[in-house]
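So the chains spell out like this:
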Amino acid sequence: MSSTKISPEQLKHIANLARLEIKADKQNLLIKQLSQTAEYIDILSQVDTKNIAPTYQVNHLKNVCRKDEVGQSLSQSEALSQAPKTHNGYFQTQATIKK
Amino acid sequence: MSSLNQLTLTQAVDGIKSKKFSASELVQDCFDRIKKLEPHLNAFISLDKTTALAKAQKIDFDKPLAGIPIAVKDNFCIKGIKTTASSNLLKNYTAQYTATVVSKLEDAGAIIIGKNNMDAWAHGSSTETSDFGPSKNPWNFDYLPGGSSGGSAAAIAADEAIAAIGTETAGSIRQPSAWCGVVGLKPTYGRVSRYGIIAMASSMDCPGPITKTVDDAALILSLISGHDIHDATSLPQKSLNLNLSKKDLKGLKIGLPKAYLPDNIHPAVKDLILQAAQTLKSLGAQIIDLDVLDPQLSVAAYTVLQRSEVSSNLGRYTGIRYGGPRSEFGDEAVRRIMLGTHTLSSGYYDAYYLQAQKVRTLIINDFEHQFNQVDAIIGPTSPTTALPVGSSKGESMFGEMADLLVEPSTLAGLPGISLPCGFVDGLPVGLQIITPQLREDLALNIAHLFESNTDFHLQKPKL
């Protein structure tokens, strides 16, 4: 890892990954704040973690499965009830492929 | 007789069962209090008096919480009820199903009277990131209640409800409970189901009670805990029965980490924690100084893991199935999503996310080492008392610094309780007690003995 400072190009890249639009007037402040946090978390790089396994799950549960039984679910109308746009019983989304 | 809303949970349960008063009277007194104080406190996002009073008319006296008015944080889904997580993006969202914790409370006879204000998406330790305005501290309206379950803690301190349910990722139950002078219990990770709660950081999120006494917290925990088929991380243990019968602390070793009383801590807070240690000692405990890992390391690991999980969890808000567009995320949510996306992104994942998970292992190992020497660990819940309104604005690490002393135990999935241990300049201070996983019984017993031998929990804000 090089410098912890977030560049304007990085900000654009991250915003694109996160599907967020960062308005021009907020970019500088956000760069400053993200750089401050990045600088703080950089103390992790000083910790020796050789031969230490990562912990993703703290209560040691593994391969939790339930019985494959059909249970109650939302009806179609309930599932669609909060959608801003629906069409013929489907969620309506923006096109992702250009014609 | 004082108003019924001032009763503790156990007092209210007894009163209704012995028919000293009715559930309707109790619910009405809570709503009278709410009407008087909400213009100052802003502890609730939504209220449903009509339904609550209707439910109070037909209660089942055999149920453990028959007719008890309870408030829940606004990140718990309740079918047919607006559930916003205090965010603009979800301001019009009506939940399509009910969280397990809420179902359990209602099955136990409780009446949900309303939903509490919080930091938007539970991102913060102040309630100032709420898109619907901050809540205020009942001890002084110019001060913050803490957060993110700040509305819940304020509501209980102000006697607007008999008990409340909050959620904690790192500090969001304990820290506002400390700042508002009430009892807050964060259970072992997995002890209480997360199903139906708007997720913040899934490997750490824990629902838990915010109450007026330790007894009340134990009663609520016994009713909301247990395995849930809908939450794959919920523990297989059966619901626990908590018997707070310990008469003293003889033979118990309690650790006080030096690092939990750092140089920059408020000196009066430090004094109260040392006094609390003396009280525990007088009850028979042996107090042992501990050398623990620097909490700053936990803050760094926690920041990376929490932001990463936030960016993943908030990825589902696309404005397609529910809620508004992503442009409606507030500044704090944007900051967290952005940092978390960065720490998970190609080229940075190993240095940040993976390294943080390894440091998490070191923190867990350190607690295991400490618990070989002591039965429980104590410290201040927060390094300060409540801070003035406006303190968190523009501070990108405000929450992490306010929660410095609760983040290590969070990363290890440990239970912790905060309870009142004194006052500084009229604002409450919280003592936290941390125990090994699944030892809520021990934390509650120590807390119960401390409470029984002090009167801090009996003091109320003058409202």
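Small disclaimer: the values here were computed from a predicted structure and weren't measured.

Asker: Outline the overall build of chain A, supporting the account with residue identities and numerical values.
Answerer: Looking only at helices and strands, chain A has three helices and two strands in total. For chain A, the succession of helices and strands along the chain, N to C, is α-α-α-β-β. Here the C-alpha atoms of chain A give a radius of gyration of 22 Å, more than 25% beyond the 13 Å that 2.2 N^0.38 yields for 99 residues. Looking at chain A residue by residue over its 99 residues, the buried ones come to 27%. Considering only contacts within chain A whose residues lie at least 6 apart along the sequence, 37% involve residues at least 24 apart. Carbon and sulfur atoms make up 50% of the accessible area of chain A, which totals about 8100 Å². Put simply, chain A has 13 plus and 9 minus side-chain charges, and the middle of one group is 6 Å from the middle of the other.

Asker: Before we move on, could you go through the nonpolar core and cite the residues and values that matter?
Answerer: All names here are of chain B. Counting residues in each nonpolar core, the largest one holds 104 residues, and the members touching the most others are Ile68, Ile70, Leu105, Ile433 and Leu444. Looking at this core element by element, the count peaks at eight residues for helix α2 (residues 23–41). Contact partners of leucine 105, with chain neighbours within four places excluded, come to Leu65, Ile70, Val72, Ala110, Ile112, Ile165 and Ile224. Within the second largest apolar cluster, 71 residues are counted, among which are Tyr352, Tyr353, Phe371 and Leu411.

Asker: If you had to explain the sheet that holds strand β6 (residues 206–211) of chain B to someone new, which residues and values would you point to?
Answerer: Residues and elements named next belong to chain B. Taken in spatial order, the 11 strands make up an open sheet running β1-β3-β2-β4-β6-β5-β10-β11-β9-β7-β8, and their pairing is mixed. Since the sheet does not close on itself, it has two edges, and those belong to β1 (44–47) and β8 (286–290), each with one partner. For this sheet the average axis-to-axis angle between neighbouring strands, irrespective of direction, equals 30°. In this sheet, strand β3 (residues 111–116) lies alongside β1 in antiparallel orientation, the contact comprising three bridges. Note on β3: the bridge partner recorded for phenylalanine 44 is asparagine 116. This element, helix α7 (residues 214–224), spans β2 (69–73), β4 (163–168), β5 (183–186), β6 and β10 (416–424) of the sheet and lies at about 145° to β6.

Asker: Tell me about the environment of tyrosine 56 of chain A, and name the residues and values.
Answerer: The topology assignment puts tyrosine 56 of chain A in the loop between α2 (24–41) and α3 (76–80). Note: C-alpha distance between tyrosine 56 of chain A and asparagine 16 of chain A (40 residues apart in sequence) is 27 Å. Residue contacts for tyrosine 56 of chain A: discarding those within four places in its chain leaves Ser203, Tyr349, Tyr353, Leu354, Gln357 and Arg360 of chain B.

Asker: An account of the interface of chain A and chain B is needed here, citing residue identities and associated values.
Answerer: Residue-level contacts link 48 residues of chain A with 61 residues of chain B. Summing the contributions of chain A and of chain B, the shared interface buries around 4500 Å²; its carbon and sulfur component is 67%. In terms of surface lost to chain B, no three residues of chain A exceed Leu44, Val58 and Gln82 of chain A, which account for 15% of the buried area on that side. Where chain A touches chain B, the interface holds two salt bridges. Of the charged contacts in the structure, one is a salt bridge between glutamate 78 of chain A and lysine 79 of chain B, with a shortest N-O distance of 2.9 Å. Where chain A meets chain B, there are 20 residue pairs in polar contact (both at pLDDT 80 or more). For the side of chain A that touches chain B, the secondary structure elements donating two or more residues are α1 (8–17), α2 and α3 of chain A. Here the side of chain A that touches chain B is built from residues that sort into 29 nonpolar, 13 polar and six charged.

Asker: Which residues make up the packing of aromatic side chains, and what values do they have?
Answerer: Between two aromatic rings, the relevant description is the distance of the centres plus the angle of the planes. All names here are of chain B. For the structure shown, the criterion picks out 11 aromatic pairs over all chains. With 5.2 Å between their ring centres and 45° between their planes, tyrosine 97 and tyrosine 195 make a pair best called tilted. With a gap of 98 residues between them, tyrosine 97 in the loop between β2 and α4 (100–107) and tyrosine 195 in the loop between β5 and β6 connect regions that are remote in the sequence. Taking the relative accessible area as the measure of exposure, tyrosine 195 reaches 26% and is therefore partly exposed. Cluster of aromatic residues (ring-pair linked, three or more members): Tyr93, Trp121, Tyr317, Tyr322 and Phe329. Lying across the ring of phenylalanine 61, lysine 19 places its NZ or CZ 4.6 Å from the centre.

Asker: For the confidence of the model for chain B, give the residues involved together with the corresponding values.
Answerer: When pLDDT is averaged across chain B, the result is 96; 99% of the residues are at 70 or more. Two summary scores accompany this predicted model of the complex, namely pTM at 0.97 and ipTM at 0.94.

Asker: Describe in detail a nonpolar patch on the surface, supporting the description with residues and values.
Answerer: Residues Tyr56 of chain A together with Leu344 and Tyr349 of chain B make up a contiguous nonpolar surface patch of roughly 250 Å² in combined accessible area. In this fold, tyrosine 349 of chain B is placed in the loop between α10 (331–344) and α11 (350–373).

Asker: Go over the pattern of salt bridges with me, naming the residues and quoting the values.
Answerer: Residues and elements named next belong to chain B. Inspection of every chain in the model, using the stated rule, returns 15 salt bridges over all chains. For the salt bridge of arginine 174 with glutamate 168, the shortest nitrogen-to-oxygen distance reads 2.6 Å. The exposure classification of arginine 174 matches that of glutamate 168, with both residues buried. Here aspartate 248 and lysine 250 are joined by a salt bridge, their closest N and O atoms 3.9 Å apart.

Asker: Pulling in residues and values, what's your account of the environment of asparagine 137 of chain B?
Answerer: For asparagine 137 of chain B, the location among the structural elements is in the loop between β3 and α5 (150–157). Distance from asparagine 137 of chain B to histidine 342 of chain B, taken between C-alpha atoms, is 35 Å for residues 205 residues apart in sequence.

Asker: Help me get a handle on α4 of chain B, residues and values and all.
Answerer: Residues and elements named next belong to chain B. Of all the residues in α4, the buried ones are Thr100, Val101, Val102 and Leu105. On its buried side, α4 packs onto β2, β3, β4, β6 and α7. Phi turns positive, to about 100°, at glycine 109, one or two residues after α4.

Asker: Could you give an account of the packing of α2 of chain B against helix α3 (residues 49–57) of chain B, with specific residues and numbers?
Answerer: Residues and elements named next belong to chain B. Running from amino to carboxyl end, α2 crosses α3 at an angle of 160°, the nearest separation of the two axes being 8 Å. One finds that α2 runs roughly antiparallel with respect to α3. As for the relative orientation of α2 and α3, their crossing is right-handed in sense. Touching Ala23, Ser24, Val27, Gln28 and Phe31 of α2 are Lys49, Ala52, Leu53, Ala56 and Gln57, all from α3.

Asker: Explain the side chain of serine 35 of chain A to me, using residue names and the numbers behind them.
Answerer: Residue and element names in this part refer to chain A. With respect to the helices and strands, serine 35 occurs in helix α2. On the accessibility criterion, serine 35 (10% relative accessible area) is buried. With near-sequence residues (within four places) excluded, serine 35 lies in contact with Thr4, Lys5 and Ile6.

Quick notes on the rules
- Residues numbered from 1 in each chain as written.
- Chains lettered and ligands numbered in written order.
- Predicted model: local features only at pLDDT ≥ 70, side-chain atom pairs only at ≥ 80, totals over all residues.
- Heavy atoms only, no water.
- Helix = DSSP H or I, 4+ residues; strand = E, 2+ residues; numbered from the N terminus.
- Rg over C-alpha atoms; globule rule 2.2 N^0.38 Å.
- Buried < 20%, exposed > 50% of the residue type's maximum accessible area, 1.4 Å probe, protein only.
- Contact = heavy atoms within 4.5 Å.
- Areas by Shrake-Rupley, 256 points an atom, 1.4 Å probe, with all protein chains shown as cover.
- Lys, Arg positive; Asp, Glu negative; His and termini not counted.
- Charge placed at Lys NZ, Arg CZ, Asp CG, Glu CD.
- Core = buried A, V, L, I, M, F, W, Y, C linked by side-chain atoms within 4.5 Å.
- Pairing = 2+ DSSP bridges.
- Axes fitted to C-alpha atoms, helices over the stretch in contact; angles between N-to-C directions.
- Buried area = accessible area lost by both parts, 1.4 Å probe.
- Salt bridge = Lys/Arg side-chain N within 4 Å of Asp/Glu carboxyl O.
- Polar contact = N/O pair within 3.5 Å; in protein donor to acceptor, adjacent residues only side chain to side chain.
- Nonpolar A, V, L, I, M, F, W, Y, C, P; charged D, E, K, R; others polar.
- Phe/Tyr/Trp six-rings, centres within 6.5 Å; stacked < 30°, edge-to-face > 60°.
- Lys NZ or Arg CZ within 6 Å of the ring centre and 35° of its normal.
- pLDDT = per-residue confidence, 0-100.
- Patch = residues over 30% accessible without salt bridge, like charges linked within 9 Å, V, L, I, M, F, W, Y side chains within 5 Å.
- Parallel < 35°, antiparallel > 145°, perpendicular 65-115°, else oblique.
- Left-handed = near helix turned anticlockwise from the far one by under 90°.

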